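Architecture and fold: a report
Okay, here's what each chain looks like letter by letter:
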Amino acid sequence: MRLCATCSVAHLGLFLSLLSLSDCLQVTVQPDKGSAVTVSTDLPADQCAVCTVSGVNDTQTSCHSSLSLVPEEEVTLLFNCSQPLEQAYNVRITRSIECKTDSCNPTMGEAQTSFLTEFRRTFVWDIKAPEKTVVVLNILGDGLNEMSQPESCLDGWMYSVAHPKPNNKVQTQAYCRGGSVTHLDLINGATVSLQVEPKAEVVSVLFQASAKPLVGRTMDISIESGTTVVITRNPEEPECNVCSADGPDPTCHATELTLTKSQNTSLEFSCPKPQDVFSVYIKKKIECTKDSCNPATGAVQPDLFKDFRRTLTWDMSVPQKTVLSLDFPGDGLKEISGPDKCQDGYHYSLSTTNSQGEVKSKAYCKGGLVSHLDLLGKTTMTVQVPKEGELDSTAFTVKAAPRKSRMMSVTPDPDTIVTISRPTAEPDCTMCVDKEPNQKCSPTYFQLRDARNTSVEFSCPQPQELFSVEINREIDCTETSCAGDIVQAESSLFPDFNRTFSWDLKVPATRAFRLDFPEPGMRQIPKGENCPDEHTYTIVTYLRSGPAIIGKYCKGGTVTTIQVRYKGRMLLNVPGDRKLEPLDFKLSVGPETDMLAIVKVKLPRGVSETDFVTANYPDSFPDDQQMMWNFIVPGMHNYTVRFRDHTAPECLNKEVMVKYEKEDKKVTQLTLTDPQPEHGQGNVNMSLFNCETNKTLQGLTLAFTVSVMRSGHPVLCTVDLTKKQGVSLQLEKVGADPYCEMSIDSVVKQKINVAMGTKASLSFLDCPNEDVRLTASKDIECLNLNSCSVSGTLLTVPKLDSCLPMPLHSFTWLLSIPEHGTVDLESPTGSLRQSLPGQECNGSVSLHVAESDGFSIGDFCSKGIIRKVQVHANVSVTATGIDFAKKRGPFLNVSFSEEISDRIIYRVTPKMSDPALLATPNWPQGMKPSTTVSWIVTLSNRYRAAVQFLNVSQPKCGKSHTGIKVQTLGSKEEMFSRREDEKKEGELTVPESFYLNMSNCLPEEGHFGAVTKVVLEKKTNLLAIALGIAGALLFVLAVLAVVCYVTKKKKKGQMKTESSIYITKGNIFRPGDRHFSKARSDNDSHVYASIDETMVYGHLLPDSSYADSMEDRFNGMQVDSYQTFTGPSDRGLPVIVEPDADPDKDQYKAFLEPSETFIPSRPRTPIDRQDSLGFQDRRMVDNELYTFKSTGEINTIRLSGVDLEPEPPVDE
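Residues numbered from 1 in each chain as written. Predicted model: local features only at pLDDT ≥ 70, side-chain atom pairs only at ≥ 80, totals over all residues. Heavy atoms only, no water.

Our next topic: the overall build of the protein. Counting its secondary structure elements, the protein contains five helices and 90 strands. A buried classification covers 42% of the 1212 residues belonging to the protein. Expressed as a percentage of contacts within the protein between residues at least 6 apart in sequence, the contacts between residues at least 24 apart total 80%. For the protein, the exposed surface amounts to about 65,700 Å²; the carbon and sulfur share of it is 50%. (Helix = DSSP H or I, 4+ residues; strand = E, 2+ residues; numbered from the N terminus. Buried < 20%, exposed > 50% of the residue type's maximum accessible area, 1.4 Å probe, protein only. Contact = heavy atoms within 4.5 Å. Areas by Shrake-Rupley, 256 points an atom, 1.4 Å probe, with all protein chains shown as cover.)

Okay, here's the thing in structure tokens:
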């Protein structure tokens, strides 16, 4: 073998001179004995050839497209081709295996391994054997794998076996190496071939051949009674006889054998594998009466001809007006269309024949939802089973019953017409309305008009397969309104029938009726297309020329409103197997219009294309009519109109026009062939005007597309926070619009933070204001208590840059305290209220207070009972729910004070009018572990408090205990103390101002929280009553003494010239007495020896009842002078009740000793007694009416805690 890179022209002569530059190969070969070798090419002779080279110096050549070689004769071949040689030539090496009844020659399937390995080779063995002889080829090495379809094998080896068939037909089966097939059984005329790819290695011996007499197969079968078995061979299959050995003379058949006897039968097949050539049909009959069937099951012999292809058939006969019911066990059946096939090979078919002889067939596969079928008329059930297919002993059960009718009770809505109809009277099914004697029947059509309960009876069990229902309602509108605003489809009528809901709509002739569709709108579809949810809406208008279809629509689109002139119809088509999910549209009276219809379209944001068609499309648009589309284009978007398809009519009068009207009233008039608007902005109305057309020709049609894309004009804003101390901004995308882009300094982000003291360039592209949330915060830090403002800081919202397009959503103040400090929160309006069940914050301002770690303290608003909140932690205050453009504060007054021993302290003054609710921080969740919180509750001395623990959740403590304690101010003893493992009382009465303290443990599970209710009650003053009684007795004794004294004087006066008069009412005096000899300016009557404090502070008391009791005291008497008692007065003296001492509101005393609290004690700064707020100089009272009454030494008195607290406000 040699490659002839430079082929000699002398070798090839004129033939090779015709070839272009090509591949060339010269090789010398010698076929083996008994081999017929053919070398060929499929390419044309001017491109490729195989030549023999001979003569002196290889000077003689003979070239051909196909060349046969002589066995055992050496020959030199020259291959020359314009294509690659490997793919251009095929080599076929054929041998014969001749067999007798018991042997074959040769016995080995040998291959000439080194013969022309450069080309694709096919080794072929022709099998020759006597009749009724089987040739067995035992595959050496790896077995074979049967291929369902001819494919290339991965290793380049592909076997092929050709079995002869009658009529000179051949059945071919392909194999690859590496499978379970180890031998092949062949008959005379079979061919075995092995095709190998170029350069693939081939072993020298591939299989071993042997022969044996053909032995048929014998089967013993037993056939049940009433069963017919037909064994059939396809004439195209190899010849094989079947014989029935019943009796002394067997009956043999070449193509078909029918067995009907119910006995054991022996069958003999003349071929070893009759299952490959025969099919078995097993037929049974089931006879049914009107109420039963015999047999009642589709019985099966599972093992009868199991390895054959079987077809089982049951013929079921029933009387007229009888329903046949089939029930399928197991997984049920699944209906399929005609051309579909079952993957597992089990194929069910069902055919029914009605009284008119019409046959209906359905096909099923295993594994579905169909487990029960009701059938009418003669029925045939057929099951096709693959080879070796498993079957249950019962394929189905069958029952018969008199044909049932279907009774329905319907109640149409008022002004509703229900029409039941079908196109033909077949199959037999009649509908009857009402009952005898007023019953009316019809086989095809009936209408229900009365709004009453009506019985409808169908004489067939499944009328929904035959009849359809139309539910129509007429709605007439006036100039201003319609009978029903919201139009709904009645879902309870005929739910399993094919239904058409229709509404006939009518308004005054010059007006239009308006249909508004809820989100997400409607989408127009062309004629012939169906909606995905099978709910198809159609709008029709009635013209003098006839009805015109405005369009067909599906749910989910851009069309929001359709206005149709004068009179029309709205239809909704729903199939019977679909649950009704209607779109409830709103009907109203539209404006006067000349338009046939006006379609309002809200185009979506982003990039989109929406298709539209004209009325009646693809049929002609009505003559001399106009139609408008009102396109709402989203901001920052461009629109383009493109006509996809149109036909222009022949106009007899006027012209076809398209007009575009912008919001600024600018009108553009175009023809159908003009370029339509591109990259327009803003809303636009598109109107189509038709002319009077020649109706014998094609009319006006138009299908167009409106595309939308973003305009790409961002909103720019430069934010400058360098002059806004401590202020930072946060922006976050909260909308679902994927086309919204916001960036900071040209970097696109989902969240933007503008840090305090910086500048930033912001950009917003196609971002609606509602899709971006703007929040801001401000840091307020107190580094040292001495340097912080004593009067506090008011929390107000600074004015932000006006270029920000979106409103401020919330503002947060971050309050930081020094190490040993406390932040104090007070309302600028006087008091705060915590939002709790029963006392929610319903106003416009809501303040959320939380610790720096996010732990919530609560939500607060103004006008409550909380005078101050003190927190020993860094705190954030967030204002939400406010229009910051109108209200910027102040919302709170913040100050900083010395460290408190609790985490949080509330200073509370309850009101008489409403119960006070005190909730632990983070209610209804629990307090922080190992923290305490206190309430300083201030009461007037005239009130006491009823304390109730309404809602207490206790944890399982891992360390320490929870505690609830109540202690009056100034007292060292606790009135109430309970842990989590102790039972608490439901109510506690506290007589004066008090502390309420709650402490949390370190919980293992659960949390600690509580709501406490405080109700004020008036005190009953027993001491005042006792003193009043004693005073009354003293007064009586004084009166008696005066009477006695006057009587005695009267007797002595009779002896004197000077007389006096006793006046029993009024003041007692003697005319001659001069008790006040000086004028007021000359005497000291206005200097007070002592003064009652209630007289000084009486004008400050909010209790009007006390002032009313003092009203007459100030009539006719100098109240600033001291009057000696000279006799009984004409009115009783008021009883002055000294007020109890008020607590010291600025001094807080912890419930627990320092060792018992969670916060370690800290050193206190000692102060002198005279500098302490707990002492006061008796020489002076801080009041404008008081002056020093002595110049003595400092005389300090201890003030009780109650003395410092004001009385609570009492709401009227």
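Further notes follow.
The four strands are arranged β79-β88-β81-β85 in an open sheet whose pairing can be described as antiparallel. The sheet is open, and its two borders are formed by β79 (916-919) and β85 (987-990), each paired with just one other strand. Each strand of the sheet is rotated relative to its neighbour by a mean of 25°, with strand direction disregarded. Of the pairings in the sheet, the one linking β79 to strand β88 (residues 1009-1018) comprises four bridges and is antiparallel in character. Residue pairing for β88: A916 is matched across the bridge by V1014. (Pairing = 2+ DSSP bridges. Axes fitted to C-alpha atoms, helices over the stretch in contact; angles between N-to-C directions.)

Another aspect to go through is the pattern of salt bridges. Applying the stated criterion across every chain, the model contains 32 salt bridges. Between D720 and K759 there is a salt bridge, with its nearest N and O atoms 3.9 Å apart. Taken together, the positions of D720 in strand β62 (residues 715-720) and K759 in strand β67 (residues 759-765) put the pair 39 residues apart, joining distant regions of the chain. What makes K759 exposed here is its relative accessible area of 56%. In this structure, the salt-bridge partner of K928 is D853, at a minimum N-O distance of 2.5 Å. With K928 in the loop between β79 and β80 (932-937) and D853 in the loop between β73 (846-851) and β74 (856-862), this pair connects stretches of sequence that are 75 residues apart. Each of E851, D853, R903 and K928 takes part in one network of salt bridges that share partners. (Salt bridge = Lys/Arg side-chain N within 4 Å of Asp/Glu carboxyl O.)

Turning next to the state of the cysteines. In a disulfide, the sulfur atoms of two cysteines are covalently bonded to one another. This structure, assessed with the given rule, holds 18 disulfides. The residue that forms a disulfide with C99 is C104, at a sulfur-sulfur distance of 2.0 Å. Judged by the torsion about the S-S bond (110°), the C99/C104 disulfide is right-handed. C99 sits in the buried class, given a relative accessible area of 9%. Owing to a relative accessible area of 7%, C104 belongs among the buried residues under this scheme. (Disulfide = S-S within 2.5 Å.)

P295 follows N294 through a cis peptide bond whose omega is -5°. Relative to the elements of secondary structure, P295 occurs in the loop between β26 (293-294) and β27 (297-299). Note the cis peptide between E519 and P520, where omega equals 5°. Within the secondary structure, P520 sits in the loop between β45 (511-516) and β46 (522-525). We note that D434 has phi near 70°; this positive angle belongs to a residue other than glycine. Mapped onto the secondary structure, D434 falls in the loop between β38 (431-433) and β39 (440-442). Phi is positive for N616, close to 75°, though the residue is something other than glycine.

If you walk through the whole model with that rule in mind, you get 22 aromatic pairs. Considering the side-chain rings of F517 and F585, the 6.2 Å spacing of their centres and the 55° angle between planes classify their relative orientation as tilted. In this pair, F517 sits in the loop between β45 and β46 while F585 sits in strand β51 (residues 585-592), placing the two residues 68 residues apart along the sequence. Taken individually, F517 and F585 each receive the classification buried, so the pair is uniform in this respect. Aromatic rings pair up to connect F612, W629, F631, F643 and F704 into one cluster. Above the ring of W157, the side-chain terminus of R177 is found at 3.7 Å from the ring centroid. One residue, K366, lies across the ring of Y346, its end atom 4.3 Å from the ring centre. (Phe/Tyr/Trp six-rings, centres within 6.5 Å; stacked < 30°, edge-to-face > 60°. Lys NZ or Arg CZ within 6 Å of the ring centre and 35° of its normal.)

Within the open sheet, the three strands sit side by side as β53-β61-β55. Their pairing is antiparallel. With one partner strand each, in any of the chains shown, β53 (608-613) and β55 (637-647) form the two edges of the open sheet. For this sheet the average axis-to-axis angle between neighbouring strands, irrespective of direction, equals 20°. The sheet contact formed by β53 and strand β61 (residues 701-710) spans six bridges and is antiparallel. Note that in β61 the partner of V613 across the bridge is A703.

Quick look at the nonpolar core now. With 79 residues, the main nonpolar core has L762, W813 and Y906 as its most contacted residues. Not counting chain neighbours up to four residues away, the residues in contact with Y906 comprise I857, F860, I866, K868, V869, A919, P921, V933, S934, W935 and I936. In this structure, V410, F458, F612 and F621 belong to the second largest nonpolar core, which totals 77 residues. (Core = buried A, V, L, I, M, F, W, Y, C linked by side-chain atoms within 4.5 Å.)

Here N683 lies in the loop between β58 (667-670) and β59 (684-689). Within the structure, the side chain of N683 is placed 2.8 Å from the backbone nitrogen of V633, a separation counted as a polar contact. Here the side chain of N683 touches E663 through a polar contact of 2.9 Å, side chain to side chain. Sequence-distant contacts of N683, that is, excluding residues within four places in its chain, are made with F631, I632, V633, E661, K662 and E663. (Polar contact = N/O pair within 3.5 Å; in protein donor to acceptor, adjacent residues only side chain to side chain.)

With that settled, consider the side chain of S502. Note on placement: S502 falls in strand β44 (residues 498-506). A relative accessible area of 1% places S502 in the buried class. In terms of polar contacts, S502 uses its side chain to reach the side chain of N472, at 2.8 Å. If we skip the residues at most four places from it in the chain, S502 touches E470, I471, N472, R473, R569, M570 and L571.

What follows covers the environment of H713. You can see H713 is positioned in the loop between β61 and β62. Taking C-alpha positions, H713 is 9.8 Å from S763, a pair spaced 50 residues apart along the chain.

Before going further, it helps to spend a moment on the environment of S846. Turning to its location among the elements, S846 is positioned in strand β73. Judged by relative accessible area, which is 25%, S846 ranks as partly exposed. As a C-alpha pair, S846 and D859 span 13 residues in sequence and 6.6 Å in three-dimensional space. Leaving out residues up to four positions away in the same chain, S846 has contacts with D859, F860, T878, A879 and T880.

This part takes up the environment of C803. Mapped onto the elements of the fold, C803 is located in the loop between β69 (793-794) and β70 (808-816). For C803, a relative accessible area of 27% corresponds to the partly exposed category. The residues contacting C803, other than those within four sequence positions of it, are L716, C717 and T718.

When the pLDDT values of the protein are averaged, the result is 81; 83% of them are 70 or greater. When the criterion is pLDDT under 50, residues 1055-1081 qualifies, and its contacts beyond four places in sequence or with other chains add up to 21 contacts. Confidence drops under a pLDDT of 50 for residues 1093-1212, and excluding neighbours within four residues, the segment shows 171 contacts in the predicted structure. (pLDDT = per-residue confidence, 0-100.)

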